[in-house]
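Reading the structure
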Amino acid sequence: MVHRALRVGLVVGILLHATMAQAEVRLGLGLGMNSSWYSVSPEPPSLDGKTGVIAGGFLEVGLSEMFALQPGLRYTQKGFAYTGFNQTEHYVEVPLLVKAQFRATPKVFPYVIAGPNLGYEAAVYFSNYLGAVLFNDLDVALDMGAGVTFKISPKLDVFFQGCFSLGLINVIDTSSENDVSEARSRGIQVTGGVSIRL
């Protein structure tokens, strides 16, 4: 029984290795803007969102002609403002997205993309401390979006993408004094970039 399990494991391992060896792997870089806000309870009057920078890189591992896995690492600015006060958070995010692409023409590939995103608040800045809202270091979100890839050459792609980020957890630091008891992040991200086949 043990020998049979070992043989099955060995065969599966060889098949996985062969699949990964044949998979198309791309390295990508993207840059754009993130329009962020928070769903807050209780909501203060005149709460506005903030537009900031989003930039980072990713690996794209082809699973089939249609599907790919896209882990990444990126920097994202988030924040909010109200009645003379503004707050900016700087996040390092690790998305793990699944991409499904479709061939429109031999050089144009629309796609949809979705998956979880783990964010770490690396720094936060206030216009003044009075009115600041303290957050936990970690945020978990679900990213969902769509885009289009243009095949420039056999190795070089250019892409444009829009994405909605839906915060799944309460990011308020409940151990500190805050005027709000619950806040969940939201964001609309528009990015463009390039990817190179490795």
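As a reminder, the structure under discussion sits directly above these lines.
This text gives an overview of the structure that appears in the document. Bear in mind that the values here come from a model prediction, so they are computed numbers and not experimental data. (Residues numbered from 1 in each chain as written. Predicted model: local features only at pLDDT ≥ 70, side-chain atom pairs only at ≥ 80, totals over all residues. Heavy atoms only, no water.)

Re the overall build of the protein
On a plain count of helices and strands, the protein comes out with 1 helix and 8 strands. Taken from the N to the C terminus, the helices and strands of the protein come in the order α-β-β-β-β-β-β-β-β. A buried classification covers 37% of the 198 residues belonging to the protein. In the protein, the share of contacts with a sequence separation of at least 24, taken over all contacts with a separation of at least 6, comes to 64%. About 11200 Å² of surface is accessible on the protein, with carbon and sulfur atoms providing 68% of the total. (Helix = DSSP H or I, 4+ residues; strand = E, 2+ residues; numbered from the N terminus. Buried < 20%, exposed > 50% of the residue type's maximum accessible area, 1.4 Å probe, protein only. Contact = heavy atoms within 4.5 Å. Areas by Shrake-Rupley, 256 points an atom, 1.4 Å probe, with all protein chains shown as cover.)

Focus: the nonpolar core
Of all hydrophobic cores here, the largest spans 13 residues; its most connected members are Tyr 38, Phe 80, Val 133, Phe 135, Ile 172 and Ala 183. Within the residue set of this core, elements represented by two or more residues are strand 1 (25-41), strand 3 (67-82) and strand 4 (85-101). Counting residues in hydrophobic clusters, the runner-up holds 5 residues, among them Phe 58, Leu 97, Tyr 111 and Ile 113. (Core = buried A, V, L, I, M, F, W, Y, C linked by side-chain atoms within 4.5 Å.)

What about the sheet that holds strand 1?
The strands making up a sheet associate through backbone hydrogen bonding, with each pair oriented either parallel or antiparallel. The strand order around the closed barrel formed by 8 strands is 1-2-3-4-5-6-7-8, and the pairing between neighbours is antiparallel. If you compare each strand with its neighbour and ignore which way they point, the axes differ by 25° on average. (Pairing = 2+ DSSP bridges. Axes fitted to C-alpha atoms, helices over the stretch in contact; angles between N-to-C directions.)

Here we look at the layout of surface pockets
Taken as a whole, the largest pocket encloses approximately 610 Å³ of empty space. Residue lining of the largest pocket: 37 residues in total, with Phe 58, Glu 60, Gln 70, Lys 99 and Tyr 111 positioned closest to the centre. Residue assignment for the lining of the largest pocket shows that the elements contributing at least two residues are strand 1, strand 2 (48-62), strand 3, strand 4, strand 5 (108-126), strand 6 (138-151), strand 7 (156-167) and strand 8 (182-197). In terms of residue count, strand 2 provides more of the lining of the largest pocket than any other element does, 7 residues in total. (1 Å grid on protein atoms, 1.4 Å probe; cavity = no way out; pocket = protein on both sides within 12 Å on 5 of 7 lines; lining within 4 Å. Points joined across faces, edges and corners; volume = space filled by probe spheres on them.)

Thoughts on the pairing of strand 4
A regular strand places its side chains on the two faces of the sheet in alternate fashion. Among the 17 residues that make up strand 4, 12 are buried, leaving the element largely enclosed by the rest of the structure. Here 14 bridges tie strand 3 to strand 4, and the two strands are oriented antiparallel to one another. Among the inter-strand pairings, Gly 79 is bridged to a residue of strand 4, identified as Thr 88. Here strand 3 hands over to strand 4 after 2 residues, with Thr 83 in that stretch at a positive phi of 35°. The pairing of strand 4 with strand 5 spans 13 bridges and is classified as antiparallel. Bridge pairing in strand 5 places Ala 100 opposite Val 112. In sequence, strand 4 turns back onto strand 5 through a hairpin of 6 residues.

Some thoughts on a nonpolar patch on the surface
A surface patch of nonpolar side chains, about 730 Å² in accessible area, is lined by Leu 73, Val 92, Val 94, Leu 118, Tyr 120, Leu 138, Val 140, Leu 168 and Ile 169. Among the secondary structure elements, those contributing two or more residues to the nonpolar patch are strand 4, strand 5 and strand 6. Here Val 92 is to be found in strand 4. (Patch = residues over 30% accessible without salt bridge, like charges linked within 9 Å, V, L, I, M, F, W, Y side chains within 5 Å. Salt bridge = Lys/Arg side-chain N within 4 Å of Asp/Glu carboxyl O.)

It is worth stressing that arrangement in space is one thing and function is another; only the former is reported here.
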